[in-house]
Amino acid sequence: MSERSGLKIGSVVIDCVNFDDMLSFWQEALHYTPRQPAQGGWVVLEDPDKRNTSVSLNQVQQSEKLLGRNWLHFDLYTKDQTGEVNRLLKLGATRHPQEYDPEEDFVVLKDPDENLFCVVQLGHNLSNTD
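Before going into details, it helps to say that this report is about the structure given with it. Just so it is clear, the model here is predicted, and its values are computed rather than measured.

### Quick word on the sheet that holds strand S2 (residues 33-34)
A sheet is described by the order of its strands in space; here 8 strands give the open sequence S2-S3-S4-S1-S5-S8-S7-S6, paired in mixed fashion. A strand with exactly one partner marks an edge of an open sheet, and here the two such strands are S2 and strand S6 (94-95). The pairing of strand S1 (residues 8-16) with strand S5 (residues 72-78) spans 6 bridges and is antiparallel. Along S5, the bridge assignment pairs valine 12 with phenylalanine 74.

### Considerations on the side chain of serine 54
Structurally, the position occupied by serine 54 is in strand S4 (residues 54-59). Once residues within four sequence positions are removed from consideration, serine 54 is found in contact with Gly10, Ser11, Val12, Tyr32, Arg35, Val44, Leu45 and Glu46.

### As for the packing of aromatic side chains
Between two aromatic rings, the relevant description is the distance of the centres plus the angle of the planes. As enumerated under the stated definition, the model contains 2 aromatic pairs in all. On the basis of an interplanar angle of 85° and a centroid distance of 5.0 Å, the ring pair of phenylalanine 25 and tryptophan 26 is categorised as edge-to-face. Judged by its relative accessible area of 47%, phenylalanine 25 falls in the partly exposed class. Residue class for tryptophan 26 comes out partly exposed when judged on its relative accessible area of 25%. Their ring planes at 70° and their centres at 5.7 Å tell us that tyrosine 100 and phenylalanine 106 sit as a pair that is edge-to-face.

### Here we look at the pattern of salt bridges
Between side chains of opposite charge, a pair can form when the charged atoms approach closely. Taken as a whole and assessed by the stated rule, the structure comprises 4 salt bridges. Its salt-bridge partner being aspartate 49, residue arginine 51 comes within 3.2 Å of it at the nearest N-O pair. Using a relative accessible area of 66% as the deciding quantity, one classes arginine 51 as exposed. Residue classification places aspartate 49 among the exposed residues on the basis of a relative accessible area of 52%. A salt bridge links glutamate 84 to arginine 87, with the shortest nitrogen-to-oxygen separation between them at 2.7 Å. Separated by 3 residues within a single helix, glutamate 84 and arginine 87 lie in helix H2 (residues 81-91), roughly one turn from each other. Given the relative accessible area of 8%, glutamate 84 is considered buried. Here arginine 87 falls in the partly exposed class, since its relative accessible area comes to 32%. A single salt-bridge network, built from bridges that share partners, covers Arg35, Glu46 and Lys50.

### A look at helix H1 (residues 19-30)
For H1, built from 12 residues, the straight-helix expectation of 16 Å at 1.5 Å per residue is met to within 8% by its first-to-last C-alpha distance of 16 Å. Backbone geometry just after H1 places histidine 31 at a positive phi near 60°.

### Overview of unusual backbone geometry
Unusually for a residue other than glycine, histidine 31 sits at a positive phi of about 60°. With respect to the secondary-structure elements, histidine 31 resides in the loop between H1 and S2. Of the residues examined, histidine 31 reaches a relative accessible area of 57% and is grouped as exposed. Its identity is not glycine, yet lysine 50 carries a phi of approximately 60°, on the positive side. Looking at the secondary structure, you find lysine 50 in the loop between strand S3 (42-46) and S4. On the accessibility criterion, lysine 50 (38% relative accessible area) is partly exposed.

Quick notes on the rules
Residues numbered from 1 in each chain as written. Predicted model: local features only at pLDDT ≥ 70, side-chain atom pairs only at ≥ 80, totals over all residues. Heavy atoms only, no water. Pairing = 2+ DSSP bridges. Helix = DSSP H or I, 4+ residues; strand = E, 2+ residues; numbered from the N terminus. Contact = heavy atoms within 4.5 Å. Phe/Tyr/Trp six-rings, centres within 6.5 Å; stacked < 30°, edge-to-face > 60°. Buried < 20%, exposed > 50% of the residue type's maximum accessible area, 1.4 Å probe, protein only. Salt bridge = Lys/Arg side-chain N within 4 Å of Asp/Glu carboxyl O. Expected span 1.5 Å × (residues − 1).

Here is the structure:
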């Protein structure tokens, strides 16, 4: 049996054009609450009991829908981003060409079918619900 991964699904991310409508819908549908107030077309909705996976909403432009984006993707949370990224690359993931701002805490990878997912470094502003 192989060693247990240090990754957990921290959030399922939904790209959306109608951010306000989607926020209202998913917040009511799941009875989730924002981790922090929505800002810049981004919010993480959490289970108030912290038992279930979070749902994040990411606002995109309508024109991006035609670019073959994933409209759902995993954010995988870890305490060892570098180690997990390297492990995933060895398993067949590839790096997605991406420019990062210095404050960003994620790395975008592609699975073998080229579906995007993010590896997020657990930090002081992310809940660890192990």
